[in-house]
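Close look at the chain arrangement
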Amino acid sequence: MPLRGDEQKYLETLPDELRLPRPANRLKLQMGASRVAREAFAFTVRVERGNIEEAPMPSRNLLLALTAGVIAVGLSIIAAHAQAPAALTGQVSSAAEGPMEGVVVSAKRDGSTLAISVVSDNAGKFSFPASKLEPGRYSLAIRAVGYDLDGPKTADVAAGSTATADIKLRPTRNLAKQLTNAEWLASFPGTDTQKKTLLNCIGCHDLDRIVTSTHDADEFVQVFDRMTGYYPGSTPQHPQRLIGDARRNLGAAAGVKAMAEYLASVNLSKDEVWDYPLKTLPRPQGRATRVVITEYDLPRKQIQPHDAIVDSDGMVWFTHFGERFLGKLDPKSGRVSEYPLPVIKPGYPVGTLDLETDKAGNLWIAMMYQGGVAKFDKKTETFQTWKVPQQWQTDATQQAFLTPTHSHVDGKVWVKNSDRAQILRLDPATGEWENLGSFKDPSNNRTITSYGIPADHDNNLYLLDFSSSNIGKLDAKTGNLTVYRSPIANSRPRRGRVDEHNRLWFAEYAGNAIGMFDPKTEKIEEWVLPTPWAQPYDVVTDKNGEAWTGSMLSDRVSRLNPKTGEFVEYLLPKTTNIRRVFVDNSTTPVTFWIGSNHGASIVKVEPMD
């Protein structure tokens, strides 16, 4: 019996899964659904009219029918998801292993700026959702350390049908070329202390640039001296020199010499091949294979997307680490727009780092060696800038971080000046600056060199001490600093976010861990990443309470369930130097975004659960 109009409207108010729009599921709706909908609708109307006491409860038979219906619906939904249409499927195998789990398979349509990747399951099977691949010819690529693609290398996708491409792999002839920075560090001989001296090297280039070199220790010292004069956003292809007497600090001479000697012991200065075995990390397994990854190519190879965030309209905004632009990516079209920032310190290096938003949705940018900060109004597409007062300016003035997130509390924006580790505070309404100076660890009188300055809900400031294991909390009203120490010694905290519960989540770079500080208990809890030498850069939590971070060395994205301590680590399709991490909570499951700082691309990670 067909449903009445009011009953049909009631059904249309149910969630999509319960409305069963597909024809196959509508057959289930006819199996008593008319009576179920009519009785449920009448009961709901009585309740909404306030006649709950007069409303008879649905009959036992109806409740049984509803229960059975929900079970049937659930089973049909699971079946529908399991049978979701695919554009391209296949199996990955090799002569050595047979079907292979954890192989990243990438497909890129001819002429497109988008590459889509999936991961093979425990039977070696992979599947590209039809919603991700448009019709056309696709080039195929794989990532599986120790293997190269043997065939096929292309696939033709047609509308309304599923293409098949069974992929064969063969052992690689050049394993060294495939190693991640994490795998190089795992392979190197020596102590963890010696290896950790290289953690500062991967900001501008990968370790293969070092290990394939033939420099001896004396030549490395000369290289170090030259490198101290370059802007942090420099790359071998796009260098920028610092101005005047500004230099980057490598530490004491004895330490520099020891580092040079260690690098000369692991490169090719003494032989044509390395005298240590090359170690590799295992491929993804289980949940780590349930993911779809999209890479959006940026229009120029020299673009270094440092911080990437998504706004309420779904646009991806990113800072250029080595250029004078703010970038915007439209994920639907792949179109990239660039907005040139004003020059406020002519002749000095350009490039930006931290990208944050205020409560009104304005974008704030830390302008590095330009000596100030900028705010971008998305409606007018205009910048407003504030330059650090001239009396505090030097050749080394550098604004790497700022925090407008809770500036609505007191009207103040926090700004870090890396020169002399100063903490500044800006009143955007008046343009007035305060210089709170630098802060010291009371236990040893050492200056706190913060790498990341997130603020809590009251706009109090956290200082993430990158040269120790300290977390400093600066009271915005009194200026008093309280220092807390993480359990992992010399963990080198860097960047992070304050969650909805006012807890601080942060990366422990040298500790290879995620840290969380709870101001209520004044305790720090830590979770060590399962992959050695991952060295996370930033941490953010999602709407489900899970914490996400990205590795600067292993090309993996890590997802932590703090309640169980379980990690899921997704391997990215290419070498990816990850900095800022961002989670879009408007999707279900959540979507994870990063910039590939050395790869001139924006990366979207969509877990399937």
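Residues numbered from 1 in each chain as written. Predicted model: local features only at pLDDT ≥ 70, side-chain atom pairs only at ≥ 80, totals over all residues. Heavy atoms only, no water.

The next subject is the sheet that holds strand E20 (residues 402–403). With respect to topology, four strands assemble into an open sheet ordered E20-E21-E22-E23, the strand pairing being antiparallel. Two strands in the sheet have a free side with no partner beyond their single neighbour: E20 and strand E23 (432–435). (Pairing = 2+ DSSP bridges. Helix = DSSP H or I, 4+ residues; strand = E, 2+ residues; numbered from the N terminus.)

Our next topic: the environment of Ala547. Relative to the helices and strands, Ala547 resides in strand E32 (residues 547–551). C-alpha of Ala547 to C-alpha of Leu560: the two residues are 13 residues apart in sequence and 5.0 Å apart in space. For Ala547, the contacting residues outside a window of four places in its chain are Trp505, Ile514, Val539, Val540, Thr541, Ser558, Arg559, Leu560 and Pro562. (Contact = heavy atoms within 4.5 Å.)

Another aspect to go through is unusual backbone geometry. At the junction of Gly151 and Pro152, the peptide bond is cis and its omega measures out at -10° in the coordinates. Topologically, Pro152 is positioned in the loop between strand E7 (147–151) and strand E8 (154–157). Omega for the bond connecting Thr588 with Pro589 falls within 30 degrees of zero, at -10°, which places this linkage in the cis form. Positionally, Pro589 belongs in the loop between strand E35 (578–584) and strand E36 (591–596). Here the phi dihedral of Arg420 falls at roughly 65°; this positive angle occurs in a residue that is not glycine. Mapped onto the elements, Arg420 comes out in the loop between strand E21 (413–417) and strand E22 (422–427). For Arg420, a relative accessible area of 45% translates into the label partly exposed. Positive phi, normally seen in glycine, also occurs at Arg492, with a value near 55°. As for its position among the elements, Arg492 is in the loop between strand E26 (481–485) and strand E27 (493–498). (Buried < 20%, exposed > 50% of the residue type's maximum accessible area, 1.4 Å probe, protein only.)

Turning our attention to the confidence of the model for the protein. On average, residues of the protein carry a pLDDT of 89, and 86% of them reach 70 or more. Of the regions scoring below 50 in pLDDT, residues 1–82 engages in 57 contacts with residues more than four places distant in sequence or in other chains. (pLDDT = per-residue confidence, 0-100.)

Tallied over the full model, the rule gives 22 aromatic pairs. Plain terms: the ring middles of Tyr339 and Phe376 are 5.0 Å apart, the flat faces sit at 50° to each other, and that makes the pair tilted. Within this pair, whereas Tyr339 is found in strand E15 (residues 336–340), its partner Phe376 is found in strand E18 (residues 372–377), the two being separated by 37 residues in sequence. On the accessibility criterion, Tyr339 (11% relative accessible area) is buried. (Phe/Tyr/Trp six-rings, centres within 6.5 Å; stacked < 30°, edge-to-face > 60°.)

The next subject is the nonpolar core. Formed by 53 residues in total, the largest nonpolar core has its most connected members in Phe188 and Leu207. Elements with a minimum of two residues in this core: helix H7 (181–187), helix H9 (208–211), helix H10 (217–227), helix H11 (253–266) and strand E24 (461–464). At seven residues, the largest contribution of residues to this core is made by H11. In this view, Leu207 contacts Asn181, Trp184, Leu185, Phe188, Leu198, Cys201 and Ile202; residues no more than four positions away in its chain are not counted. Grouped together as the second largest cluster of nonpolar side chains are 25 residues, Met100, Val105, Val118 and Val292 included. (Core = buried A, V, L, I, M, F, W, Y, C linked by side-chain atoms within 4.5 Å.)

Next up on the list: the environment of Val583. Residue placement: Val583 occurs in strand E35. Take Val583: its relative accessible area is 7%, and that puts it in the buried class. Separated by 273 residues in the primary sequence, Val583 and Val310 place their C-alpha atoms 8.2 Å from one another. Not counting residues within four places of it along the chain, the set of residues in contact with Val583 comprises Val540, Asp542, Trp548, Val590, Thr591 and Phe592.

Across the five residues that make up strand E13 (residues 316–320), a large majority, five, are buried. The alternating pattern of E13 places Val316, Phe318 and His320 and Trp317 and Thr319 on opposite faces, both of which are buried. In this sheet, E13 lies alongside strand E12 (residues 305–310) in antiparallel orientation, the contact comprising four bridges. When the sheet's bridge partners are listed, Val310 is paired in E13 with Val316. Hairpin remark: E12 followed by E13, antiparallel, with five residues in the connecting loop; positive phi at Gly314, about 85°. One ladder, built from four bridges, connects E13 with strand E14 (residues 325–329); its direction is antiparallel. Looking across to E14, one finds that Trp317 is bridged to Lys328. Linkage of E13 to E14, two consecutive antiparallel strands, is achieved through a turn of four residues.

Now for H11. The end-to-end C-alpha distance of H11, which contains 14 residues, comes to 21 Å, matching closely the 20 Å that a straight helix rising 1.5 Å per residue would cover. The complete set of buried residues in H11 reads Val256, Met259, Ala260, Tyr262, Leu263, Ala264 and Val266. Lining the buried residues of H11 we find helix H8 (192–196), H9 and H10. (Expected span 1.5 Å × (residues − 1).)

Further remarks concern the pairing of strand E19 (residues 382–387). Pairing geometry for E18 and E19, over six bridges, is antiparallel. What sits directly across from Lys375, in E19, is Gln384. Here E18 folds back onto E19, and the loop between the two strands holds four residues, one of which, Glu381, carries a positive phi near 55°.

To continue, consider the sheet that holds E36. The antiparallel open sheet is built from eight strands, whose spatial order is E8-E6-E3-E4-E11-E37-E36-E35. With one partner strand each, in any of the chains shown, E8 and E35 form the two edges of the open sheet. Each neighbouring strand pair of the sheet contributes to a mean axis angle of 25°, computed without reference to strand direction. The sheet contact formed by strand E6 (residues 136–143) and E8 spans four bridges and is antiparallel. The residue bridging Gly136 from the neighbouring strand is Val157, located in E8. (Axes fitted to C-alpha atoms, helices over the stretch in contact; angles between N-to-C directions.)

Let's shift gears to H10. Those residues of H10 not exposed but buried are Ala217, Phe220, Val223 and Phe224. Projected down its long axis, H10 carries its buried residues within an arc of 105°, all on one side. In H10, the exposed residues that point more than 90 degrees away from the buried face are Gln222 and Asp225. Two to three positions downstream of the cap, the backbone nitrogen of Asp218 sits 3.2 Å from a side-chain oxygen, assigning the N-cap of H10 to Asp216. (Arc of directions from axis to C-beta. Polar contact = N/O pair within 3.5 Å; in protein donor to acceptor, adjacent residues only side chain to side chain.)

Here the idea is simple: oppositely charged side chains can pair when their charged atoms come close. Taken as a whole and assessed by the stated rule, the structure comprises 32 salt bridges. As a salt-bridge pair, Lys108 and Asp297 come within 2.4 Å of each other at their nearest N and O atoms. Highlighted residues: Lys108 in strand E3 (residues 104–109) and Asp297 in strand E11 (residues 291–297), separated in sequence by 189 residues. Lys108 sits in the partly exposed class, given a relative accessible area of 26%. According to the relative accessible area criterion, Asp297 is partly exposed, its value standing at 23%. (Salt bridge = Lys/Arg side-chain N within 4 Å of Asp/Glu carboxyl O.)

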